[in-house]
Amino acid sequence: MKKIILIFCALALIVSCTKQKYYEIPLNSDGTVYLTGVPTATTTGISTLDAGFSVTATFVTAKAGDVMNVELLQLQGVAGQATKQLLPMAGTQSTATVALVGTKLQATVTYTRDVAKMTKATDFVTVVFNGATDYNKLKVPMVPATTVSKPKVSDKEIDVARTSETAFFNVTVVPNEAAYTGNLVVKMKNGNHAPYTTVTGSPFTGVQPYLVPISGTDFAAGKDTMYYSFTAAKGSYVDEIIYKVIVRDPYFYLKKTCVLTFGGSTAARNLLINAGVASNNATGQLEISNSLLLKGGTAWLAADPSHKIGFVPTTSDMYAANNLTAAKAAFNAAIPTITADPANPAYIYKMTLGPLASDVYYGMIKMVVTDPQARSVSIEYRIGDQYAHLLVIQ
């Protein structure tokens, strides 16, 4: 019995010391793990104003001098099938020779948009490289050369309001092949069935982005939708972007939240930058009193005789509606007070910073949380009733 046990132990020891080639990992000459990597590809890309594109494939198992068969694939209809298939395109087959470029094994191909049958943004092809020892592919989409921002005042995006002030589209035209040297033609129509008219300043040239004006007075009474056409051309290629804007009633552009704590470093608030300051700071337009009433900042009021702020109570519904016209009418129809009691859910305020029309700020305040023990009030406030204010408010 002891002999049998010894034989089994010896066999187990032999088996445990036997190499299992199935689990061996290939190594480099220095003993590190051999990793082949993953083939990659890059493209110059193609925009709606470009004549063609190139693709450079980087291989990992090919060798210099290897010949790759290259072709384009595109979605094509197939008889008897409801969905299109990604299939080879006739007339796109070619070859490319792998070369050592620096430390990389690469091959590059170039196609014209006509061969690739790409005519509009969202068209795409897939470039495929097939070789004896390696493979690569890349999807190449056609993208718009023209980019149109939402209407902006300075760098702030806004919803256009029915006011006489002017905001601007920021428009860039950037083909891939070379810098754009043409112009930008812009037209607009107020309603789907109206005729297009030329926008003031069109065609736009010079330094990009092109600043294309838009004003609430461009919209006719009762018509809230405007369509803008932005057209750039390069040779026979044309890029057109259609942008729809829906105007809205005047509103307060910005909404912010803050906490005012009596006696501390945030007893007052600079409403323009939403920063807490002490009550002796002349930049604090709003302040909390010992009785938790909101009032004009003591130091701010004393700093300039033109500085004023008044409050008119309103409802939570009016605050939520964010209608500037209704809020201003309600304020001007009442007698404002110099304090705002947190017991009321919301207030309309009028703040004057100086002698100019743009120095007058209407806004609204919503009381959020009142904490008598901590002697603090949390509020949410709306501010900015003119585009000009957006150049000041941070």
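Notes on the structure in this doc start here. (Residues numbered from 1 in each chain as written. Predicted model: local features only at pLDDT ≥ 70, side-chain atom pairs only at ≥ 80, totals over all residues. Heavy atoms only, no water.)

### A short note on the overall build of the protein chain
The condition that has to hold: Secondary structure counts use DSSP, requiring at least four H or I residues in a row for a helix and at least two E residues in a row for a strand, with both numbered from the N terminus. Note that the radius of gyration is over C-alpha atoms, with the globule rule given as 2.2 Å times the number of residues to the power 0.38. The cut-offs for exposure are 20% and 50% of the maximum accessible area for each residue type, with area from a 1.4 Å probe on protein chains only; residues under the lower value are buried, those over the upper are exposed, and the others partly exposed. In this analysis, two residues are considered to be in contact whenever any of their non-hydrogen atoms come within 4.5 Å of each other.
In terms of regular secondary structure, the protein chain is built from five helices and 29 strands. Radius of gyration (C-alpha) of the protein chain: 34 Å, far over the 21 Å computed for a compact globule of 394 residues. Across the 394 residues that make up the protein chain, the buried fraction comes to 40%. The contacts in the protein chain between residues at least 6 apart in sequence include a share of 60% that link residues at least 24 apart.

### Quick word on the pairing of strand E15 (residues 184-190)
Counted only if it meets this: At least two bridges found by DSSP between two strands is the condition for calling them paired.
In terms of burial, E15 is a largely internal element, five of the seven residues being buried. Two elements, E15 and strand E18 (residues 225-234), share seven bridges in a ladder whose sense is antiparallel. Within the sheet, the bridge partner assigned to Val 185 lies in E18 and is Thr 231. Pairing analysis gives two bridges linking E15 to strand E16 (residues 197-198), with the strands arranged antiparallel. The partner of Met 188 across the bridge, within E16, is Thr 197.

### A short note on the side chain of Ser 47
Counting through the fold element by element, Ser 47 comes out in strand E2 (residues 46-47). Not counting the four nearest positions on each side in its chain, Ser 47 is found in contact with Arg 113, Met 142, Val 143, Pro 144, Ala 145, Pro 175 and Asn 176.

### What to know about unusual backbone geometry
Residues Ser 202 and Pro 203 are joined by a peptide bond in cis, for which omega reads 5°. Following the sequence through the fold, Pro 203 ends up in the loop between E16 and strand E17 (210-215). With omega at 0°, the peptide bond leading from Gln 208 into Pro 209 counts as cis. The phi angle at Asn 274 is positive, at roughly 50°, despite the residue not being glycine. For Asn 274, the location among the structural elements is in the loop between strand E21 (268-270) and strand E22 (275-277). With a phi angle near 70°, Leu 292 is a residue other than glycine that sits in the positive phi range. Structurally, the position occupied by Leu 292 is in the loop between strand E23 (286-288) and strand E24 (294-296).

### Remarks on the environment of Glu 165
Short version of the rule: Side-chain atoms alone can form a polar contact between residues adjacent in sequence; in general such a contact is a pair of N or O atoms within 3.5 Å, and within protein one must be able to donate a hydrogen while the other accepts it.
In this fold, Glu 165 is placed in the loop between strand E13 (156-157) and strand E14 (166-173). Along the chain, Glu 165 and Gly 276 lie 111 residues apart, while their C-alpha atoms are 31 Å from each other. Ignoring any residue separated from it by four or fewer positions in sequence, one finds Glu 165 in contact with Ile 214, Ser 215, Gly 216, Tyr 253, Gln 386, Tyr 387 and Ala 388. Within the structure, Glu 165 has its side chain in polar contact with the backbone nitrogen of Ala 388 (distance 3.2 Å).

### A look at the packing of aromatic side chains
The criterion, for reference: Stacked, edge-to-face and tilted are the three classes for Phe, Tyr and Trp ring pairs, Trp counted by its six-membered ring, which pair at centre distances within 6.5 Å; planes under 30 degrees apart are stacked, over 60 edge-to-face, the rest tilted. When the NZ atom of lysine or the CZ atom of arginine is within 6 Å of a ring's centre and also within 35 degrees of its normal, the charge is said to sit over that ring.
Counted by the stated rule, this structure contains 10 aromatic pairs. Where Phe 331 meets Tyr 362, the ring centres are 5.8 Å apart and the plane angle is 90°; that geometry is what we call edge-to-face. Of this pair, Phe 331 sits in helix H5 (residues 324-332) while Tyr 362 sits in strand E28 (residues 360-371), and the two are 31 residues apart along the sequence. In terms of burial, Phe 331 and Tyr 362 fall into one category: buried. Through a chain of ring-to-ring contacts, three or more aromatic side chains come together here, namely Phe 169, Tyr 228, Phe 230 and Tyr 243. The cationic tip of Lys 189 hangs over the ring face of Tyr 227; the distance from NZ or CZ to the ring centre is 5.8 Å. Over the face of the ring belonging to Tyr 319 we find Arg 382, whose NZ or CZ atom lies 4.5 Å from the ring centre.

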